[in-house]
Amino acid sequence: MHASHCQCCGIDVHAHVVPENFPSYIGAKMPADWPSMAPAGPACHRHVMIAGKVYRTVSDACWSPTRRLQDLPGMGLALQVVSPMPELLSYWMAAADAQQLLRYTNDCMAAMVDEGGGRLAALGAVPLQDLELAIAELEYAVKTLGLAGVEIGSNINGVPVGAPQLDPFFEACEALGAAVFVHALRPAGMERLVGPAPLQQVLGYPGDVGLAAASAITGNLMLRRPRLRIAFSHGGGTLASLLPRLQQGWEVFPALKESVHASPAEQARRLYYDTLVFDTPMLRHLVDRFGAGQLMVGTDHPFNFHDRTPVQRIEVAGFDDATVAALVHGNARRFLGRTTTKETTP
């Protein structure tokens, strides 16, 4: 145990919520992919149904604060920041339909935070397929519900995070002090994978997150929005491997030097990343590549494919005490913005 690290004081910025139930659609015609819940085998599990098929089977830890909080001490956590299961972001729906679903989900998460006794915070969701509606829902989530910010997908119906047309949304996030967490969603390249469906999460997600983070760099997002706090899931995916090539290309190709207005390596150190890479040597590499001040605990709890020992993984990686404290809780506090969260101080 490091001297600078207190027992069970970690902050997990990457954990997911699925509401226990979904509302009935109130418009004229229900979208085909409007979600619903159905009973599953054990009493504490339910099927998430989308387009008439089981999308995922989840446990009550997805919606029950009491059940969720039981898991935190074993993971070394004092605070967990929840965000919607990414498929619920619903960018492919009509924007008004998605807004209705996401308003319900945001309200559910705010109620969970209230029930969490200071041990839960939340990142809401917005219908980014319509910037005006998205900004309105962002303001509701942050100003009315007191959420710490929002989760967004690694692409919005194929539009990359760094695309200039999304800038009004990031301008609003910056103005509100809202943290932004980018999660992999409907990744590119699925046709190149050989094997069963879970390979989307295992292999497709890191590729899409890496491209999303790279687009933030090549799109000069942090140069336009220097006060924006934006984090990328799964350790930034493939970005750490892409970055040396991007840096070298920036130095070699005049067109890149002209369009990318600051060193890619420098810009990468302005972004945040979670630690969800399941590998200690990789974690050390990410700290070396991105900086000790930019990585935060991420677990993907309570889904089965989550890191059950996130703080321990940091503690055994050989970092100095200051780096351990930063990765375990310090960086997350800075990312979240202490005035917009309801957590207790670890």
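Per chain, residue numbering runs from 1 following the sequence as it is written. Since the coordinates come from a predicted model, pLDDT governs what is reported: local features require at least 70, and pairs of side-chain atoms require 80 or more to be given and counted, while whole-chain, interface and lining totals use all residues. Computation of side-chain values: all heavy atoms of the structure, hydrogens and water removed.

Trainee: Even after reading the chapter, I still don't get the overall build of the protein chain, so can you show me in this structure?
Mentor: Looking only at helices and strands, the protein chain has 12 helices and 13 strands in total. Here the C-alpha radius of gyration of the protein chain, 19 Å, is about what a compact globule of 346 residues would show, namely 20 Å. Seen along its three principal axes, the alpha-carbon backbone of the protein chain occupies a region of about 55 × 50 × 45 Å. Here the term buried applies to any residue with accessible area under 20% of the maximum for its type, exposed to any over 50%, and partly exposed to those in between, with areas from a 1.4 Å probe on protein chains only. Across the 346 residues of the protein chain, 58% fall into the buried class. We count a stretch as a helix when DSSP gives it H or I for four or more residues in a row; a strand needs E for two or more, and each element gets its number in order from the N terminus. Throughout, radius of gyration means the C-alpha value; the globule benchmark is 2.2 Å times the number of residues raised to the power 0.38.

Trainee: Can you walk me through the side chain of His 234 in this structure?
Mentor: Relative to the assigned elements, His 234 resides in the loop between strand S11 (230–232) and helix H7 (239–252). Owing to a relative accessible area of 11%, His 234 belongs among the buried residues under this scheme. Within the local environment of His 234, its side chain forms a polar contact with the side chain of Ser 233, the two groups lying 2.8 Å apart. We call two residues in contact when some of their heavy atoms are within 4.5 Å. Not counting residues within four places of it along the chain, the set of residues in contact with His 234 comprises His 14, His 183, Ala 184, Tyr 205, Val 209, Asp 274, Leu 276, Val 277 and Asp 300. Here a polar contact is taken to be a pair of N or O atoms separated by no more than 3.5 Å, where protein atoms must pair a possible hydrogen donor with a possible acceptor and residues adjacent in sequence count only if both atoms sit in side chains.

Trainee: For this particular structure, what's the right way to read the pattern of salt bridges?
Mentor: A pair can form between side chains of opposite charge whenever their charged atoms are brought close. What makes a salt bridge here is a side-chain nitrogen of Lys or Arg within 4 Å of a carboxyl oxygen of Asp or Glu, nothing more. Scanning the entire structure with this criterion turns up 11 salt bridges. Among the ionic pairs, Arg 313 bridges to Asp 307, the shortest N-O distance being 3.0 Å. Exposure class is identical for Arg 313 and Asp 307. Each is buried. Through salt bridges with shared partners, a single network forms among Asp 167, Glu 174, Arg 224, Arg 225 and Arg 227.

Trainee: For this particular structure, what's the right way to read the pairing of strand S5 (residues 77–84)?
Mentor: Looking along a regular strand, one sees the side chains alternate between the two faces of the sheet. With 8 of 8 residues buried, S5 is to be regarded as a mostly interior element. In terms of strand pairing, strand S1 (residues 10–17) meets S5 through 6 bridges, oriented parallel. The partner of Val 17 across the bridge, within S5, is Pro 84. For two strands to be treated as a pair, DSSP must find at least two bridges joining them. Here 3 bridges tie S5 to strand S6 (residues 120–124), and the two strands are oriented parallel to one another. Paired with Val 81 across the strands is Ala 121, a residue of S6.

Trainee: Please clarify how the sheet that holds strand S2 (residues 36–39) should be interpreted in this entry.
Mentor: Note: strands within a sheet are paired through backbone hydrogen bonds, in either parallel or antiparallel orientation. If you trace the 3 strands from one edge of the open sheet to the other, you get S2-S3-S4, paired in antiparallel fashion. Whereas interior strands pair on both sides, the edge strands pair on one side only; in this sheet they are S2 and strand S4 (53–59). The average undirected angle you get between the axes of adjacent strands in this sheet is 35 degrees. For helices, the fitted line uses only the C-alpha atoms of the stretch in contact; every axis is such a line through C-alpha atoms, and the angle between N-to-C directions lies from 0 to 180 degrees.

Trainee: What exactly am I supposed to notice about the sheet that holds S6 here?
Mentor: The strand order S1-S5-S6-S7-S10-S11-S12-S13 describes an open sheet built from 8 strands, whose pairing is parallel. In this open sheet, the two strands that pair with only one neighbour each are S1 and strand S13 (295–296). Running over the sheet, helix H2 (residues 95–115) touches S1, S5 and S6 and is turned about 165 degrees from S6. On the sheet, helix H5 (residues 199–218) packs against strand S10 (179–183) and S11 and is oriented at approximately 150 degrees with respect to S11.

Trainee: For this particular structure, what's the right way to read a nonpolar patch on the surface?
Mentor: Patch membership requires more than 30% relative accessible area and the absence of a salt bridge. Residues of like charge join within 9 Å; the nonpolar side chains Val, Leu, Ile, Met, Phe, Trp and Tyr join within 5 Å. Per-residue and other accessible areas were derived by the Shrake-Rupley procedure at a 1.4 Å probe size, with only the shown protein chains allowed to occlude residues. Taken together, the side chains of Val 202, Leu 203, Phe 278 and Phe 305 make up a nonpolar region of the molecular surface, amounting to roughly 340 Å² of accessible area. By the element assignment, Val 202 lies in helix H5.

Trainee: When you look at the packing of aromatic side chains in this model, what are you seeing that I'm missing?
Mentor: How two aromatic rings sit relative to each other is set out by the distance from centre to centre and by the angle between their planes. Centres within 6.5 Å make a pair out of two Phe, Tyr or Trp rings, where for Trp the six-membered ring is used; the pair is then stacked when the planes are under 30 degrees apart, edge-to-face when over 60, and tilted otherwise. In this structure the tally under the stated criterion is 6 aromatic pairs. Seen in terms of ring centroids, Tyr 273 and Phe 290 are 3.8 Å apart; in terms of plane orientation they differ by 10 degrees. Their pairing is stacked. Taken together, the residues Tyr 273 in strand S12 (residues 272–274) and Phe 290 in helix H10 (residues 280–290) connect sequence positions 17 residues apart. One exposure class covers both Tyr 273 and Phe 290, and it is buried. The ring centre of Phe 303 lies 4.1 Å from the NZ or CZ of Arg 56, which sits over that ring. By the criterion adopted, a ring carries a charge over it if an Arg CZ or a Lys NZ lies within 6 Å of its centre and within 35 degrees of its normal.

Trainee: Got a minute to help me understand helix H3 (residues 131–144) in this structure?
Mentor: Along an α-helix, residues three or four positions apart point the same way, because every turn accommodates 3.6 residues. Here H3 contains 14 residues, and its C-alpha end-to-end distance of 19 Å stays within 8% of the 20 Å for a straight helix at 1.5 Å per residue. Among the residues making up H3, those that are buried are Ala 134, Glu 137, Leu 138, Tyr 140, Ala 141 and Val 142. Lining the buried residues of H3 we find H2, strand S7 (149–153) and helix H4 (167–176). Between the side-chain oxygen at the start of H3 and the backbone nitrogen of Glu 132 there is a gap of 3.1 Å, and the oxygen is on Asp 130. What a helix is expected to span follows from its residue count: subtract one and scale by 1.5 Å.

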